[in-house]
Amino acid sequence: MQARLGVDAKGLKGDWSKIGHLVPYGFGAEARKSLHRIFQDFSVPFIVDQSEEKQGQSMEGVRVVSPEALRDLQAGDKVVVTIAKRRYDEISAVLSGFGLREGEDFCHLSHLITDWYPQYAHTYCLASLHIALTMACTLNCAHCNMFVPYHKSPYMASPSDIQRDLKLFFDRMDYVFSVDLIGGEALLNPGLPAILEEIHTKYHARIGQVNITTNAVVLPKPETVAFLRRYGVFVAISDYTEAIGERAHVEELVRMLDAAGVPVSVMKNRVWTDFGFPAKPWLVSEEETRTHMMTCDPGWRGLNDGRLYFCHVAWSIERAGKYRLRKGDFLELKDLPPHEEATKQRILRYCQGELGVPYMSFCRVCGGCGADNPNFVLAGEQA
């Protein structure tokens, strides 16, 4: 295997050129965003998940089974961990217990994307790309992780804004496993149907799954639901009922989407980490900031205003006028030559944490959502 592009020491090792079967480990929300492409590119005999509730379910004809099935793996078979990176060490220990070797027999999805795809499929991919459609919202969460309450004149993306950003991006990268349309409350954007049509018409073959996140306070119009169904958009409902009570119409929205044939999941958000900024900014030392940044890293990247962000939160706080970003905090896509492999490599390295500077400047004052932030608050608590 040629020299790896990435900076993550937990990447692929040995020969991954001839994979017999590839077994995904994990059947949660993150997995569902990536499995469609994995089914296309690999022979997948089954999906593994520890949850007995998920075992017996299936996706595209592939069943979910117990981890015990891993005992039947043959030489050349590999496992890809399709769960959030923060749980990777936990699952790594489980797989090691089956006698599997990290990097040689199994890896995280992020390592498959950064190491295997460029080398063996000649394709440069990102796992997840978040695009903010608006900073307008139906709630006023005290600890919003996109700093929505600080936007005095909420951003509202036009279809042409999204068209520009997607063209800039896909002129410089090949594929994204998951594009997430977020807010604010993404359903408040009146251009949503046109945006979905643009994404599907021009980039359907280059995006594995399009998702939209909502808090279910506002219900989509019937014509919007029709667009969601037509273009196979997955709806992720953030359930803040514990904090906001009956303002959230979670069950009603699920029934509406189920009836229309729109795939939907409900995420029970009970706690968030308190970022602290701007009321009580963190003061991370120069020496510790990079570790803090990489501990926080949730794995997705942000695309707005013609820029690619290692941390999408940074885009929002600057747009709110509360922080000024610096060199290395983002990539100005128009400054990178399109359709060149060197550009794709540059973007991939940036997305792995090679920013050109040691760390994102905002990480010095933001608590983030990593394991080093012990400050938890009720998710959705109103200001």
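Residues numbered from 1 in each chain as written. Predicted model: local features only at pLDDT ≥ 70, side-chain atom pairs only at ≥ 80, totals over all residues. Heavy atoms only, no water.

A.B. asks: Got a sec to walk through the environment of alanine 314? Specific residues and values, please.
C.D. replies: Note on placement: alanine 314 falls in helix α10 (residues 312-319). Judged by relative accessible area, alanine 314 falls into the buried class, the value being 0%. The spacing of alanine 314 and alanine 157 is 157 residues in sequence and 17 Å in space, taken between C-alpha atoms. (Helix = DSSP H or I, 4+ residues; strand = E, 2+ residues; numbered from the N terminus. Buried < 20%, exposed > 50% of the residue type's maximum accessible area, 1.4 Å probe, protein only.)

A.B. asks: Please set out the environment of glycine 99 residue by residue, giving values where relevant.
C.D. replies: Turning to its location among the elements, glycine 99 is positioned in the loop between α2 (88-97) and β6 (106-108). Distance from glycine 99 to tyrosine 323, taken between C-alpha atoms, is 48 Å for residues 224 residues apart in sequence.

A.B. asks: Break down the confidence of the model for the protein for me, with residues and values.
C.D. replies: Per-residue pLDDT for the protein has a mean of 94; in total, 97% of the residues score no lower than 70. Counting contacts from residues 1-7, a segment whose pLDDT is below 50, to residues more than four positions away or on other chains yields 19 contacts. (pLDDT = per-residue confidence, 0-100. Contact = heavy atoms within 4.5 Å.)

A.B. asks: Would you mind going over the packing of helix α5 (residues 192-203) against helix α6 (residues 222-230) in detail, with residue names and values included?
C.D. replies: Following both chains from N to C, one finds α5 and α6 inclined at 10 degrees, their axes separated by 10 Å at the closest point. Viewed along their axes, α5 and α6 adopt a mutual orientation that is roughly parallel. Here α5 and α6 pass one another in a crossing that is left-handed. Contact with α5, carried on its side by Leu192, Pro193, Leu196 and Glu197, involves Thr224, Phe227 and Leu228 of α6 and no other residues of that element. Of the residues assigned to the contact of α5 with α6, the class counts are 5 nonpolar, 1 polar and 1 charged. (Axes fitted to C-alpha atoms, helices over the stretch in contact; angles between N-to-C directions. Parallel < 35°, antiparallel > 145°, perpendicular 65-115°, else oblique. Left-handed = near helix turned anticlockwise from the far one by under 90°. Nonpolar A, V, L, I, M, F, W, Y, C, P; charged D, E, K, R; others polar.)

A.B. asks: How would you explain the nonpolar core if you had to name every residue and give the values?
C.D. replies: Grouped together as the largest cluster of nonpolar side chains are 82 residues, with contacts concentrated most on Phe169, Leu181, Ile212, Leu308 and Phe362. Not counting residues within four places of it along the chain, the set of residues in contact with phenylalanine 169 comprises Leu126, Leu129, Val176, Leu303, Leu308 and Leu333. Counting residues in each nonpolar core, the second largest holds 25 residues, with Leu12, Phe27, Tyr175 and Phe177 among its members. (Core = buried A, V, L, I, M, F, W, Y, C linked by side-chain atoms within 4.5 Å.)

A.B. asks: Describe the environment of tyrosine 124, naming the residues involved and giving the relevant values.
C.D. replies: Tracing the sequence through the fold places tyrosine 124 in the loop between α3 (109-121) and β7 (125-132). Along the backbone, tyrosine 124 and alanine 320 are 196 residues apart, and their C-alpha atoms lie at a distance of 32 Å. In terms of polar contacts, tyrosine 124 uses its side chain to reach the side chain of glutamate 341, at 2.6 Å. (Polar contact = N/O pair within 3.5 Å; in protein donor to acceptor, adjacent residues only side chain to side chain.)

A.B. asks: So what's going on with the packing of aromatic side chains? Which residues, and what values?
C.D. replies: A complete count under the given rule lists 21 aromatic pairs for this structure. Pairing tyrosine 88 with phenylalanine 106 gives two aromatic rings, centres 6.5 Å apart and planes at 55 degrees, and the pair type is tilted. Separated by 18 residues along the polypeptide, tyrosine 88 in helix α2 and phenylalanine 106 in strand β6 bring together distant segments of the chain. Of the two residues examined, tyrosine 88 and phenylalanine 106, each falls in the buried class. With centroids separated by 5.6 Å and ring planes inclined at 85 degrees, the aromatic side chains of tyrosine 117 and phenylalanine 177 adopt a geometry described as edge-to-face. On the criterion of sequence distance, the pair formed by tyrosine 117 in helix α3 and phenylalanine 177 in strand β8 (residues 175-182) is long-range, its members being 60 residues apart. Across the pair, phenylalanine 177 and tyrosine 117 agree in class, each one buried. An aromatic cluster is present here, built from Phe42, Trp116, Tyr117, Tyr120, Tyr175 and Phe177 joined pairwise through their rings. Taking NZ or CZ as reference, arginine 32 lies 4.1 Å from the ring centre of phenylalanine 27, over its face. (Phe/Tyr/Trp six-rings, centres within 6.5 Å; stacked < 30°, edge-to-face > 60°. Lys NZ or Arg CZ within 6 Å of the ring centre and 35° of its normal.)

A.B. asks: Describe the pattern of salt bridges, with residues and values.
C.D. replies: Taken as a whole and judged by the stated rule, the model has 19 salt bridges. A salt bridge links arginine 101 to glutamate 104; its shortest N-O distance comes to 3.1 Å. Exposure remark for arginine 101: the relative accessible area of 45% places this residue in the partly exposed category. Between aspartate 174 and lysine 344 there is a salt bridge, and its shortest N-O distance comes to 2.8 Å. Of this pair, aspartate 174 sits in the loop between α4 (159-170) and β8 while lysine 344 is found in helix α11 (residues 341-351), placing the two residues 170 residues apart along the sequence. The exposure classification of aspartate 174 matches that of lysine 344, with both residues buried. Among the charged side chains, a salt-bridge network with shared partners connects Arg101, Glu104 and Asp105. (Salt bridge = Lys/Arg side-chain N within 4 Å of Asp/Glu carboxyl O.)

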